[in-house]
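# Secondary and tertiary structure notes
One letter stands for each residue in the lines below.
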Amino acid sequence: MIYLQFLLLLTSVAAFLVTPGSSRVVKKGRVCTVIPRNDGGDDSPSILSAFARCNRDASVVFRNRTYHVERVMATHGLRNVIVDIRGTLLWGTNTTYWIDNSLPLGYQNQSVAWDFGGEDIFWTGHGHGTFDGNGQVWYDLADGTSNMPGRPINLVIRNSTNFTMQGMRFVQSQFWTMAVHTAQDVLLENITISSVSNSSAPTQNTDGLDTFYTNNITIRNWDVTGGDDAVSPKANTSNMLVQDSHFHGTGGIAVGSIGQYLGVFEFIENVTAERIICDRCAHIGYVKTWTGVQKGVPPNGGGGGLGYAKNIVFRDSVITQCTSYNGQTGDCDTSTFQISNVIWSNITGTVANDLLASLQCSAAAPCPDITIEGVDGLTFNSTAAEPEVKCSNVVGGLGSVACNGSV
């Protein structure tokens, strides 16, 4: 009996022994703890192993250490899992590998570094858990090229229901920070995103969040610094609420772009943004669709899509239905994508010039019920007698500030 107990002890100890420098997963009950390698090597095999072993009614824990991620990851089919990140996940800088191997997003020919999904997920970073995308190598490599092929989105939340993420930091994102694709009942709160270039190369395409085929999503208490849109609901996004967030130098909230795929019907509806502070932003909120004429293919080309965007409520912003890329111009009155019932209200702060709004809708589908109200609290850095509201093919809603110029 003593000999048998000794053998059992040796077996238990052996389960925790690892070769020098290797990573491991320690499983105790329903908790899998990922132990990072101590030689700076790739921790992605251990991360994948942890989610495979603790994929239901369990927790996956990352200690307050640095984990190196050198390979793409896909973790799906999770159910009732807690993701507990106390340290930093640092993405590798082998751009050739990522360009050749990043996973398809399934829209706009974009790609992903970590594809994650499940049901009843609670993800917490405790205010300091961090994704570090090592983005500077990507900013320098792209050097202003829009939507460079293979440049990966940090994380996509896919095929998920009842998903909560809170208290995470994302720094130096490679491309878009996050995407949500085919999900419902999602809460993302207390998130900090900062992507800043230390060279002359811009941080173009470092969106905070882009959503697709998503219903009932709340974004609350975000702080975003980056070189592109802070939040962008795209194809078939409905019932989005953005609250109590602070954006720095971003494009603000971009509804779209949409209408990029010829003959494909898509929609965006019931998007509300409230109590937003926007410092040095290009816009606080705007709506953009592609023209009605297809020019090229996604991500930098397209057009001719069908559908609508309606019931949009946010602050001081720009609408344009003339989105094109790669030097394409014209055909601004060709889009049949319908924008309606858009409201900007209760706006305060300072505007850099005399432009309150620029509302450019397509002659093929004019925009009804467009309302700008409650702007008495705005200060304009201009000597103009009144702020400009430039419009084309717009039908103002009841009580709206009147258009006084054309686009």
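Throughout, residues of each chain are indexed from 1 in the direction in which the sequence is written. Restriction of local features to residues with pLDDT of at least 70 applies here, the model being predicted, together with a cutoff of 80 or more for giving and counting side-chain atom pairs; totals for whole chains, interfaces and linings are based on all residues. Only hydrogens and water are set aside; all other atoms, that is, all heavy atoms of the structure, feed into the side-chain values.

A run of H or I in DSSP counts as a helix once it spans at least four residues, and a run of E counts as a strand once it spans at least two, with each numbered from the N terminus. Scanning the protein chain from terminus to terminus reveals 4 helices and 26 strands. Computation of the radius of gyration draws on C-alpha atoms, with the globule rule given as 2.2 Å multiplied by the number of residues to the power 0.38. Its C-alpha atoms give the protein chain a radius of gyration of 24 Å, within 12% of the compact-globule value 22 Å for 407 residues. Principal axes of the C-alpha set define a box for the protein chain whose edges measure 95 × 40 × 40 Å. The cut-offs for exposure are 20% and 50% of the maximum accessible area for each residue type, with area from a 1.4 Å probe on protein chains only; residues under the lower value are buried, those over the upper are exposed, and the others partly exposed. Counting across all 407 residues of the protein chain, residues that qualify as buried make up 53%. A contact between two residues is defined here by any heavy atoms of the two lying within 4.5 Å. Within the protein chain, residue pairs in contact and separated by at least 24 positions form 72% of the contacts whose partners lie at least 6 positions apart. Surface accessibility of the protein chain: about 16500 Å² in total, with carbon and sulfur atoms responsible for 50%. For the protein chain, the distance from the average position of its 24 positive side-chain charges to the average position of its 34 negative side-chain charges is 13 Å. Each accessible area is a Shrake-Rupley estimate made with a 1.4 Å probe; only the visible protein chains count as cover when residues are assessed. In this tally, Lys and Arg are treated as positive and Asp and Glu as negative; His is ignored, and so are the chain termini. The atoms used to mark charge sites are NZ of Lys, CZ of Arg, CG of Asp and CD of Glu.

This next bit is on the state of the cysteines. For the purposes of this analysis, a disulfide is any pair of cysteine sulfur atoms at a distance within 2.5 Å. Following the criterion strictly, the structure yields 4 disulfides and no others. One disulfide in the model links Cys278 with Cys281; its S-S distance is 2.0 Å. As the torsion about the S-S bond is roughly -100°, the Cys278-Cys281 disulfide counts as left-handed. No difference in accessibility class separates Cys278 from Cys281, as the two residues are buried. Between the sulfur atoms of Cys391 and its disulfide partner Cys403 the distance amounts to 1.9 Å. Taking the torsion about the sulfur-sulfur bond, which here is approximately -85°, the covalent link between Cys391 and Cys403 counts as left-handed. With Cys391 in strand S24 (residues 388-392) and Cys403 in the loop between strand S25 (394-396) and strand S26 (405-406), this residue pair connects regions lying 12 residues apart in the sequence.

What follows is about the environment of Ala142. The residue Ala142 is located in helix H4 (residues 136-142) in this model. Taking C-alpha positions, Ala142 is 10.0 Å from Asn205, a pair spaced 63 residues apart along the chain. Not counting chain neighbours up to four residues away, the residues in contact with Ala142 comprise Met148 and Arg151.

In this structure, the amide linkage connecting Gly256 to the following residue, Ser257, adopts the cis form with an omega of 10°. Here Ser257 is to be found in strand S14 (residues 253-258). In this structure, the amide linkage connecting Pro298 to the following residue, Pro299, adopts the cis form with an omega of 10°. Considering the arrangement of structural elements, one finds Pro299 in the loop between strand S16 (285-290) and strand S17 (306-314).

Think of it this way: a Phe, Tyr or Trp ring, Trp meaning its six-membered ring, pairs with another when their centres are within 6.5 Å, and the plane angle makes it stacked under 30 degrees, edge-to-face over 60, tilted otherwise. All chains considered together, the criterion is met by 22 aromatic pairs. With centroids separated by 6.5 Å and ring planes inclined at 40°, the aromatic side chains of Phe51 and Phe62 adopt a geometry described as tilted. Here Phe51, found in helix H2 (residues 44-53), pairs with Phe62, found in strand S3 (residues 56-62); they are 11 residues apart in sequence, far enough to count as distant. Judged by relative accessible area, which is 2%, Phe51 ranks as buried.

Attention now goes to the nonpolar core. Soluble, globular proteins show a tendency: their nonpolar side chains are buried together. Side-chain atoms within 4.5 Å are what join buried Ala, Val, Leu, Ile, Met, Phe, Trp, Tyr and Cys residues into a set we call a nonpolar core. Of all hydrophobic cores here, the largest spans 86 residues; its most connected members are Trp114 and Trp123. Ranked by the residues each element gives to this core, the list is headed by strand S10 (residues 178-194), at 7 residues. Every residue in contact with Trp123, bar those within four places of it in the chain, is listed here: Val83, Ile85, Trp114, Phe116, Phe131, Leu155, Phe163, Thr164, Met165, Gln166 and Met168. Counting residues in each nonpolar core, the second largest holds 10 residues, with Ile153, Val156, Ala179 and Ala235 among its members.

Moving on to the confidence of the model for the protein chain. For the protein chain, mean pLDDT is 91; residues scoring 70 or higher make up 91% of the total. As a per-residue quantity, pLDDT reports the predictor's confidence and falls between 0 and 100. Segment residues 1-20: pLDDT under 50, and 4 contacts once partners within four positions in sequence are set aside and those in other chains are kept.

Salt bridges are defined as contacts in which a side-chain nitrogen from Lys or Arg sits within 4 Å of a carboxyl oxygen from Asp or Glu. Taken as a whole and judged by the stated rule, the model has 9 salt bridges. As a salt-bridge pair, Asp229 and Lys288 come within 3.5 Å of each other at their nearest N and O atoms. A residue pair is termed long-range when its members are at least 10 positions apart, and Asp229 in the loop between strand S11 (209-225) and strand S12 (231-233) and Lys288 in strand S16 qualify at 59 residues. Residue Arg275 is joined to Asp244 by a salt bridge in which the shortest nitrogen-to-oxygen separation is 2.5 Å. Within this pair, whereas Arg275 is found in strand S15 (residues 265-279), its partner Asp244 is found in strand S13 (residues 237-248), the two being separated by 31 residues in sequence. By relative accessible area, Arg275 is classed as partly exposed at 48%. Its relative accessible area of 30% is what places Asp244 among the partly exposed residues.

Quick look at the pairing of S16 now. For a regular strand, side-chain orientation follows a simple rule: the groups alternate between the two sheet faces. By the criterion of burial, S16 is predominantly enclosed, with 6 of the 6 residues buried. Burial along S16 is two-sided: Gly285, Val287 and Thr289 facing one way and Tyr286, Lys288 and Trp290 facing the other are all buried. One ladder, built from 4 bridges, connects S14 with S16; its direction is parallel. For Val255, the partnering residue across the bridge sits in S16 and is Val287. Two strands form a pair only when DSSP identifies at least two bridges running between them.

This part takes up H2. Owing to its 3.6 residues per turn, the α-helix brings residues three or four apart onto one side. Listed in full, the buried residues belonging to H2 are Ser44, Ser46, Ile47, Ala50 and Phe51. Along the axis of H2, the buried residues cluster in a sector spanning 165°; they form a single face. Turned more than 90 degrees away from the buried face of H2 sit Pro45 and Ala52, all of them exposed. This arc corresponds to the set of directions leading from the helix axis out to the C-beta atoms.

A separate point is the environment of Gly399. Tracing the chain through its elements places Gly399 in the loop between S25 and S26. As for Gly399 and Glu388, which are separated by 11 residues in sequence, their C-alpha atoms are 17 Å apart. With residues near it in sequence (within four places) discarded, Gly399 still touches Ile372 and Glu373.

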